[in-house]
Amino acid sequence: MTLNYTQTRLLEKEEQIPYELLLLADETIEIIDSYVKGGEIYVFEHNSQIIGVYILYILDAKAIEIKNIAVHKDYQGLGIGTHLLNEATQRAKEKGFKTLVIGTANGAIKQLYLYQKVGFEITGIRKNFFVDNYPAPIYENGILCKHMIMLEKQL
Ligand code: ACO
Ligand code: ACO
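Residues numbered from 1 in each chain as written. Chains lettered and ligands numbered in written order. Predicted model: local features only at pLDDT ≥ 70, side-chain atom pairs only at ≥ 80, totals over all residues. Heavy atoms only, no water.

- An unreviewed UniProt entry annotates the protein chain as GNAT family N-acetyltransferase of Xanthocytophaga agilis.

Now the structure itself:
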């Protein structure tokens, strides 16, 4: 498959929010809506179809978080996720932030691998985050996801 690893673009206000993709990375629309409105949605397109997305959400004057990142199932494993993470890093830096934050579940082995590979370091753990905030148990790789592992990249 030939992919053009171009820059993402900001989703316009009047465009539909790509919930189908965002739901790959988070469990419910309600939870996605809790950060979608205050965040910037960047989309990655291939043949005029949105196949990748990430959301940047300002935490404070120095820190910004990738709240959601997802690549369409048919296009995973081709390097798009890596491309999006590197681009998000560049955007955060250009905006003047000092720290880029990302969090994922304790069972998300691929994500933990990928985030560390592109330069994030584990900095903390939000104990029982998924138990306390999500309606039903979540399993990934056969592991019950209870905690959120927090990672940071200095810019
Ligand atoms: N275990 C370990 N590593 C794996 C696995 C696996 N099961 N499957 C693939 N990988 C590796 C790949 O080999 C590749 O590493 P490499 O470059 O060393 O070969 C890497 O993981 C994947 O790299 P990309 O192809 O750049 O990533 P991709 O385009 O697949 O995007 C993403 C990654 C965004 C996590 C995608 O898989 C996805 O959308 N998953 C579902 C949604 C999701 O979980 N999002 C993140 C939730 S956390 C958050 O949103 C903040
Ligand atoms: N990524 C993810 N999972 C993997 C990988 C991999 N690269 N390779 C194997 N696995 C899985 C296997 O599929 C299996 O899971 P499954 O049952 O779901 O299929 C599991 O990991 C391995 O299970 P076992 O066969 O029971 O474990 P093994 O006999 O290989 O022993 C051990 C594991 C002790 C970690 C061994 O690989 C080893 O000696 N490694 C080198 C030393 C080491 O790293 N020790 C641990 C350091 S930390 C400490 O000592 C406290």
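Alright, that's what it looks like, and here's the rest.
Some details on helix 3 (residues 80-94)
Reasoning step 1: In this model, helix 3 (15 residues) spans 21 Å end to end at C-alpha, consistent with the 21 Å of a helix rising 1.5 Å per residue.
Reasoning step 2: Restricting attention to buried positions, one finds in helix 3 the residues Ile80, Gly81, His83, Leu84, Leu85, Glu87, Ala88, Thr89, Arg91 and Ala92.
Reasoning step 3: Where helix 3 ends, the next residue or the one after it, Gly96, has phi of about 95°, a positive value. (Helix = DSSP H or I, 4+ residues; strand = E, 2+ residues; numbered from the N terminus. Expected span 1.5 Å × (residues − 1). Buried < 20%, exposed > 50% of the residue type's maximum accessible area, 1.4 Å probe, protein only.)

Thoughts on the sheet that holds strand 1 (residues 9-10)
Sheet strands pair by backbone hydrogen bonding; their relative direction is either parallel or antiparallel.
Reasoning step 1: Ordered in space as 1-2-3-4-5-9-6, the seven strands form an open sheet in which the pairing is mixed. Of all strands in the sheet, those with a lone pairing partner are strand 1 and strand 6 (121-126), marking the two edges.
Reasoning step 2: Relative to strand 3 (residues 49-58), strand 2 (residues 40-46) runs antiparallel, the two being bridged by seven bridges. Among the inter-strand pairings, Glu40 is bridged to a residue of strand 3, identified as Leu56.
Reasoning step 3: Against the sheet, helix 3 touches strand 1, strand 2, strand 3, strand 4 (63-71), strand 5 (99-105) and strand 9 (148-154), its axis set at about 160° to strand 4. (Pairing = 2+ DSSP bridges. Contact = heavy atoms within 4.5 Å. Axes fitted to C-alpha atoms, helices over the stretch in contact; angles between N-to-C directions.)

A few points about the site of ligand 1
Reasoning step 1: Taken together, 24 residues form the shell around ligand 1, and within it Val71, Thr82, Gln111, Tyr113 and Lys117 come nearest.
Reasoning step 2: Interatomic distance of 3.2 Å between a backbone N/O atom of Leu78 and an oxygen atom of ligand 1.
Reasoning step 3: For ligand 1, the accessible surface in isolation is 1,000 Å², of which the surrounding protein chains cover 73%.
Reasoning step 4: Those elements that place two or more of their residues in the shell around ligand 1 are helix 1 (19-25), strand 4, helix 3, strand 5 and helix 4 (109-117).
Reasoning step 5: Broken down by class, the residue content of the shell around ligand 1 amounts to 12 nonpolar, nine polar and three charged. (Near = heavy atom within 4 Å. Polar contact = N/O pair within 3.5 Å; in protein donor to acceptor, adjacent residues only side chain to side chain. Areas by Shrake-Rupley, 256 points an atom, 1.4 Å probe, with all protein chains shown as cover. Nonpolar A, V, L, I, M, F, W, Y, C, P; charged D, E, K, R; others polar.)

A word on the pattern of salt bridges
Opposite charge on two side chains allows them to pair when their charged atoms are near.
Reasoning step 1: A complete count under the given rule lists six salt bridges for this structure.
Reasoning step 2: Of the charged contacts in the structure, one is a salt bridge between Arg9 and Glu45, with a shortest N-O distance of 3.0 Å. One end of the pair, Arg9, is in strand 1; the other, Glu45, is in strand 2, and 36 residues separate them in sequence.
Reasoning step 3: Judged by relative accessible area, Arg9 falls into the partly exposed class, the value being 29%.
Reasoning step 4: Exposure remark for Glu45: the relative accessible area of 31% places this residue in the partly exposed category.
Reasoning step 5: In the salt-bridge network here, residues are joined through shared partners; they are Arg9, Glu15 and Glu45. (Salt bridge = Lys/Arg side-chain N within 4 Å of Asp/Glu carboxyl O.)

Side note on unusual backbone geometry
Reasoning step 1: In the Ramachandran plot, Asn47 falls in the positive-phi region, its phi being about 50° despite a non-glycine side chain.
Reasoning step 2: Take Asn47: it is sitting in the loop between strand 2 and strand 3.
Reasoning step 3: A relative accessible area of 68% means that Asn47 is categorised as exposed.
Reasoning step 4: Even without a glycine there, the phi angle at Asn128 is positive, about 60°.
Reasoning step 5: Along the chain, Asn128 turns up in the loop between strand 6 and helix 5 (129-133).

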